[in-house]
Amino acid sequence: METMMKNSLGANDRMHDEWLLPNGLRVVGERLPYLRSVSIGAWMHVGSMMEKPEESGLSHFLEHMVFKGTAKRTARQIAEEMDAVGGQLNAFTGRDCTCFYAKVIDENLELAVDILADLVTGATMDETELEKERGVILEEIAMDEDSPEDLVHDMLQLAQFGEQSPGQPILGPAAQIEAYTRDDLLNFRKAHYAPKETVVALAGNYDPDKVLDWVTKYFGRWENEIAPVVTPDWQVLTGCNSLREKDTEQMHICIGFPGMSYGSDGVYPLAVANNVLGGAMSSRLFQRIREDLGMAYSIYSYPNTYMGVGTFGIYAGVSPKNAETVLLEIRSELQKFVDEGITEKEFNDSVTQLRSGYLMGLESPGARMQAMGRSTLLRGKPTSHEETLKAIEAVTMERVMETARKVLTQKPCIAVVGKGAEGVKLPD
């Protein structure tokens, strides 16, 4: 095997290490020598956004199945080996990525690399285990159906994207989960799991030379050529509503706008606007709807950022009798935000909140690993902490309002689920 390319960045960039295997797999790390633990993840460039309609839910199904046994380990052995060293092993499927990750004491890092590589490259998709896991996923879908707060977010996503893949649920439709075969999973893995579309990220206390050896040993023989992932030109729809009757005590409301895509210049200005509008306890929506009117226990706003597309949402859980009033109050607060802007104090406090939240997040090696992994997978390089802090500090009040007006002046999509939802009068 050829020698791995290595580029270790200096201490001024928080000791980022970057490697490239001959098979195209990228590795990025951040050394934190004052710790005894390491968080490591294998990031795959596939999620529900990359699925065709007939593949809906396969990314998530595959994520489950890799834990059910490999050529080297049974499902029980996978769990026992990690438990025996006090480590943690898990995974998640998102809309634009899938991540398998572990956290271990530094002396057990080789085991974590071994197991992650085994999961990604060696899962056997045993037929008996597949049938059992099919049942588990169907129960997970049923659980989401019984959680109206989760359900209303899925309904909003569908309203905002329609038949486009970002609008489809990550778990997939139950009917399709019931029908998928072992061949479907194997073909999907072959089409989407490849070293050139994978990033291994780690943060914590590690020896770079040993990491180089271990990644080469366990991932280096993996070969699979696929076409590079291309981000489609997704469009966020406006003015599409979804109302669903459900026997619940609360009415669950989601309001959604087109937002900012991952890595775009508008991400941090929108994050500042979000803090002022509904991202904190002192935010306008929280203070007006919950504190002044007492009409909601939970109300918040949130941005979602993906490659090539983004959304901005508002959620409220309210009594059915207050649903129309809360919708009008939210509209009023949004109009006031657009017309009058924000105060200098709100701006300064929000920037401080954003900066402080980022810095506090750096105390978690898992958070560092996730930020590096996703950035390298989607943008081709890890974003340095200095670069992020400079971007936050460079946000101006004018840029915040320019971005907020671009987002909030578009006609929103609205999703409502609960008893009497279909009779709720929506604002014009």
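A. Here's a closer look at the layout of surface pockets. Reported here for the largest pocket is a volume of approximately 1,200 Å³. Lining the largest pocket are 38 residues, with Tyr262, Val267, Tyr268, Tyr358 and Thr388 positioned closest to its centre. Listed by contribution, the elements that provide at least two residues to the lining of the largest pocket are helix 9 (267-277), strand 10 (298-306), helix 12 (344-361), helix 13 (365-379) and helix 14 (385-393). A total of eight residues in the lining of the largest pocket trace back to one element, the largest contributor, which is helix 13. Taken together, the residues of the lining of the largest pocket sort by class into 19 nonpolar, 13 polar and six charged. There is about 530 Å³ of room inside the second largest pocket. Taken together, 21 residues line the second largest pocket, and the ones lying closest to its centre are Thr93, Arg95, His153, Asp154 and Ile170. Each residue belonging to the lining of the second largest pocket can be placed in one class, and the counts come to six nonpolar, nine polar and six charged.

B. Highlighting empty space enclosed by the protein. Counted by the stated rule, this structure contains one cavity of 30 Å³ or more. Volume-wise, the largest cavity comes out at about 30 Å³. Forming the boundary of the largest cavity are Leu270, Ala273, Asn274, Leu277, Phe312, Phe337, Ala404 and Leu408. Listing elements by their share of the lining of the largest cavity, those giving two or more residues are helix 9 and helix 15 (397-408). Broken down by element, the lining of the largest cavity gets its largest block of residues, four residues, from helix 9. Residues belonging to the lining of the largest cavity are distributed by class as follows: seven nonpolar, one polar and no charged.

C. Summary view of the packing of aromatic side chains. Counting across every chain of the model gives six aromatic pairs. Note on Trp43 and Phe92: the rings are 5.7 Å apart at their centroids and 80° apart in plane angle, and the pair reads as edge-to-face. Here the residue Trp43 occupies a position in strand 4 (residues 37-44), and Phe92 occupies one in strand 5 (residues 88-93), the gap between them amounting to 49 residues. With a centroid separation of 6.0 Å and 45° between ring planes, the pair formed by Phe67 and Phe100 is classed as tilted. Of the two residues, Phe67 is situated in the loop between helix 1 (58-65) and helix 2 (75-84) and Phe100 in strand 6 (residues 98-105); the sequence distance between them amounts to 33 residues. Judged by its relative accessible area of 18%, Phe67 falls in the buried class. Taken together, Trp43, Phe92 and Tyr101 form an aromatic cluster joined through their ring pairs. Just above the ring of Tyr262 sits the side chain of Arg374; from NZ or CZ to the centre is 4.5 Å.

D. A look at the state of the cysteines. What the rule picks out here adds up to zero disulfides. The cysteine Cys99 is free of any disulfide, with Cys97 supplying the nearest cysteine sulfur at 6.9 Å.

E. View of the packing of helix 11 (residues 323-340) against helix 15. Orientation of helix 11 relative to helix 15, taken along the N-to-C sense of each, is 140°, at an axis distance of 9 Å. In terms of orientation, helix 11 and helix 15 fall into the oblique class. Seen from above, helix 11 lies across helix 15 with left-handed handedness. The segment helix 11 lies against helix 15, with Leu334, Phe337, Val338 and Asp339 engaging Met401, Ala404, Arg405 and Leu408. Its residues placed into classes, the contact of helix 11 with helix 15 shows six nonpolar, no polar and two charged.

F. Just the sheet that holds strand 10, in detail. The sheet built from five strands is open, its strands ordered 8-12-9-11-10 with mixed pairing. Unpaired on one side and paired on the other, strand 8 (241-245) and strand 10 mark the two borders of the sheet. Strand-to-strand twist across the sheet, computed as the mean angle between neighbouring axes with direction ignored, equals 15°. Relative to strand 11 (residues 309-318), strand 10 runs antiparallel, the two sharing nine bridges. Bridge pairing in strand 11 links Tyr306 to Val309. Strand contacts of helix 11: strand 9 (251-258), strand 10, strand 11 and strand 12 (413-418), with the helix running at about 25° to strand 9, the strand carrying the most contacts.

About the cut-offs
- Residues numbered from 1 in each chain as written.
- Predicted model: local features only at pLDDT ≥ 70, side-chain atom pairs only at ≥ 80, totals over all residues.
- Heavy atoms only, no water.
- 1 Å grid on protein atoms, 1.4 Å probe; cavity = no way out; pocket = protein on both sides within 12 Å on 5 of 7 lines; lining within 4 Å.
- Points joined across faces, edges and corners; volume = space filled by probe spheres on them.
- Helix = DSSP H or I, 4+ residues; strand = E, 2+ residues; numbered from the N terminus.
- Nonpolar A, V, L, I, M, F, W, Y, C, P; charged D, E, K, R; others polar.
- Phe/Tyr/Trp six-rings, centres within 6.5 Å; stacked < 30°, edge-to-face > 60°.
- Buried < 20%, exposed > 50% of the residue type's maximum accessible area, 1.4 Å probe, protein only.
- Lys NZ or Arg CZ within 6 Å of the ring centre and 35° of its normal.
- Disulfide = S-S within 2.5 Å.
- Axes fitted to C-alpha atoms, helices over the stretch in contact; angles between N-to-C directions.
- Parallel < 35°, antiparallel > 145°, perpendicular 65-115°, else oblique.
- Left-handed = near helix turned anticlockwise from the far one by under 90°.
- Contact = heavy atoms within 4.5 Å.
- Pairing = 2+ DSSP bridges.

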